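Descriptive structure summary
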Amino acid sequence: MSRIAYFGPRGTFTEQAARSFGDAEFVAVETVPSVLAAVRAGEVDAGCVPVENSVEGAVTATMDAMAEDEPLYAVGEAVLPVRFSILTRPGVKAEDVKTVASHPHALAQVRYWIADNLPNAVPVATTSTAAAAVQVNDGEFDAAVSAPVAVMHYPLAELATDVADVGTAVTRFLLLRKPGHLPQPTGRDRTSLAVVIAHDEPGSLANTLSELALRGINLTRIESRPLRGLFGEYRFYLDLDGHIGEQRVADALTTLHRISRQVRFLGSYPKADQSPSEAPPRSTDADYQAAAEWLAKVREGH
Ligand SMILES: O=C(O)C(=O)C[C@]1(C(=O)O)C=C[C@@H](O)C=C1
């Protein structure tokens, strides 16, 4: 049976996301970088990590860990609705709650609810929503903002359920593996890249994006993170519709490789919402094939 590490401990949203990828032996790991380290070291076959939330944005620990060290490729994506339970030790009432702990992304998603319902509480950041539940159980904090499943793993009481400032919030998760397990194109795929552009050349970001637009490739996300060396240098994370096995995507990637300082492929994988990613007219694999045959004939003198 394959082994999947997830950002734990038991009872995180990430554990739920990991289980959505099918049967496996699931291994809880305390931090996002250590999930990726376990995959790189071959201790597990795959690792599941959060990558972005619709309210609070990117999970920067995931982005940084994917761009550094040995490459890992995303092979699957899951999107989960995010609504929280507020967990306390049994008998604790709202007015007794002086500290409310959780992952910073979770605290940001219940900021208004806390202000309205736990007016005496100071928010405290923990490594994950489930780590907060563990620490509440240990008596370190009074309340945890946790995934609803956490109550099944820790002997805590639900002070409130179905808590969310934005009722439609979702978090996106990726399943990562070592290179060598590229999923087949499905026509409903996403490709992720990290690109370092020539920052001192005017128009280099516009040129990068134009290479995608020219080939009819839909960009679904762009984020930047500092390169950490010199101030003003960034790495751009691009998500786009399509699979590296398709000609228009392969063509765009080879061009980006040629014009950029660095391109890291982060995976081509089926989209969680299964929305189509097919090529627009004149950009299909057949169109590329026909154009390549025409070029070959011209070169042969026909
Ligand atoms: O701590 C967890 O339960 C996680 O899985 C992490 C995480 C995140 O990083 O965004 C996942 C979903 C919620 O948005 C809050 C926290």
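Residue numbers run consecutively from 1 along every chain, following the written order of its sequence. Residue-level local features of this predicted model are given only where pLDDT is at least 70; pairs of side-chain atoms are given and counted only at 80 or more, and the full residue set underlies all totals for whole chains, interfaces and linings. Side-chain metrics in this entry use all non-hydrogen atoms of the structure; hydrogen atoms and water are not considered.

1. Considerations on the pattern of salt bridges
Basic side-chain nitrogens of Lys or Arg form a salt bridge, by our definition, when they fall within 4 Å of a carboxyl oxygen of Asp or Glu. Overall, the coordinates contain 20 salt bridges when judged by the stated rule. The partner of Glu52 in a salt bridge is Arg172, and the shortest N-O contact between them spans 2.7 Å. Of this pair, Glu52 sits in strand 3 (residues 46–53) while Arg172 sits in strand 11 (residues 170–177); the two residues are 120 residues apart in sequence, bridging distant segments of the chain. Overall, the relative accessible area of 7% leaves Arg172 in the buried class. For Asp239, the salt bridge goes to Arg221, with nearest N and O atoms at 3.9 Å. Here Asp239 is found in strand 14 (residues 234–241), whereas its partner Arg221 is found in strand 13 (residues 219–226), with 18 residues between them in sequence. For the pair Asp239 and Arg221, a shared accessibility class is recorded, and that class is buried. Put simply, Glu52, Glu77, Arg172, Arg190, Arg221, Glu223 and Asp239 are held in one network by salt bridges that share partners. Strands are runs of DSSP state E lasting at least two residues, helices are runs of H or I lasting at least four, and both sets are numbered from the N terminus onward. Buried residues are those whose accessible area, probed at 1.4 Å on protein chains only, stays under 20% of the maximum for their type, while exposed residues exceed 50% and partly exposed ones sit between those limits.

2. Some thoughts on the UniProt feature "domain: ACT" (unreviewed entry) in the protein chain
Those places that UniProt annotates as "domain: ACT" (unreviewed entry) correspond, in this numbering, to residues 193–270. Regarding residues 193–270, the helix share stands at 31% and the strand share at 37%, and the terminal C-alpha atoms are separated by 15 Å. UniProt positions are given in the numbering used here, feature names are shortened, and annotations may be inferred rather than shown by experiment.

3. A word on the UniProt feature "domain: Prephenate dehydratase" (unreviewed entry) in the protein chain
On the UniProt side, "domain: Prephenate dehydratase" (unreviewed entry) is annotated at positions that read residues 3–178 here. End-to-end, the C-alpha atoms of residues 3–178 are 13 Å apart, and along that stretch the chain is 26% helix and 35% strand.

4. What to know about the packing of helix 7 (residues 204–214) against helix 8 (residues 247–259)
Axes here mean lines fitted to C-alpha atoms, for a helix over just the part in contact, with angles spanning 0 to 180 degrees between N-to-C directions. At a minimum axis distance of 9 Å, the contact between helix 7 and helix 8 shows a crossing angle of 165°. In terms of orientation, helix 7 and helix 8 fall into the roughly antiparallel class. In this structure, helix 7 crosses over helix 8, and the sense of that crossing is right-handed. Of helix 8, the residues touching helix 7 (which contributes Asn207, Thr208, Glu211 and Leu212) are Ala252, Thr255, Leu256 and Ile259. In the scheme used here, Gly and all other residues not listed as nonpolar or charged are polar, with Ala, Val, Leu, Ile, Met, Phe, Trp, Tyr, Cys and Pro taken as nonpolar and Asp, Glu, Lys and Arg as charged. Tallied by class, the residues present in the contact of helix 7 with helix 8 amount to 4 nonpolar, 3 polar and 1 charged. Each angle is binned into one of four classes, with values under 35 degrees roughly parallel, values over 145 roughly antiparallel, values of 65 to 115 roughly perpendicular, and all other values oblique. Crossings are assigned a handedness: left-handed for a near helix turned anticlockwise from the far helix by less than a right angle, right-handed for a clockwise turn. We call two residues in contact when some of their heavy atoms are within 4.5 Å.

5. Regarding helix 8
Helix span, expected: 1.5 Å multiplied by one less than the number of residues in the helix. Spanning 13 residues, helix 8 covers 18 Å between terminal C-alpha atoms, matching the ideal 18 Å at 1.5 Å per step. For helix 8, every residue scored as buried is listed here: Arg248, Val249, Ala252, Leu253, Thr255 and Leu256. When helix 8 is viewed along its axis, its buried side chains cluster within an angular range of 165° and face the same direction. Facing away from the buried side of helix 8 by more than 90 degrees, the exposed set consists of His257 and Arg258. Buried residues belonging to helix 8 abut strand 12 (189–196), helix 7, strand 14, strand 15 (262–270) and helix 9 (285–300). As used here, the arc is the angular range of directions from the helix axis to the C-beta atoms.

6. Some thoughts on the packing of aromatic side chains
Planes of paired rings set the category: under 30 degrees apart is stacked, over 60 is edge-to-face and the rest tilted, where pairs are Phe, Tyr or Trp rings (Trp by its six-membered ring) whose centres lie within 6.5 Å. Enumeration over the complete set of coordinates arrives at 2 aromatic pairs. Ring centres 5.4 Å apart and planes at 85° place the aromatic pair Phe13 and Phe84 in the edge-to-face group. Residue Phe13 is found in helix 1 (residues 13–19), and its partner Phe84 is found in strand 6 (residues 84–88); the two are separated by 71 residues along the sequence. Relative accessible area serves as the criterion here: at 10%, Phe13 is assigned to the buried category. For Phe84, a relative accessible area of 1% corresponds to the buried category. Between Tyr73 and Phe265, the aromatic rings sit 4.9 Å apart at their centres with planes inclined by 80°, giving edge-to-face as the arrangement. Taken together, the residues span a long stretch of sequence, with Tyr73 in strand 5 (residues 73–81) and Phe265 in strand 15 at a distance of 192 residues.

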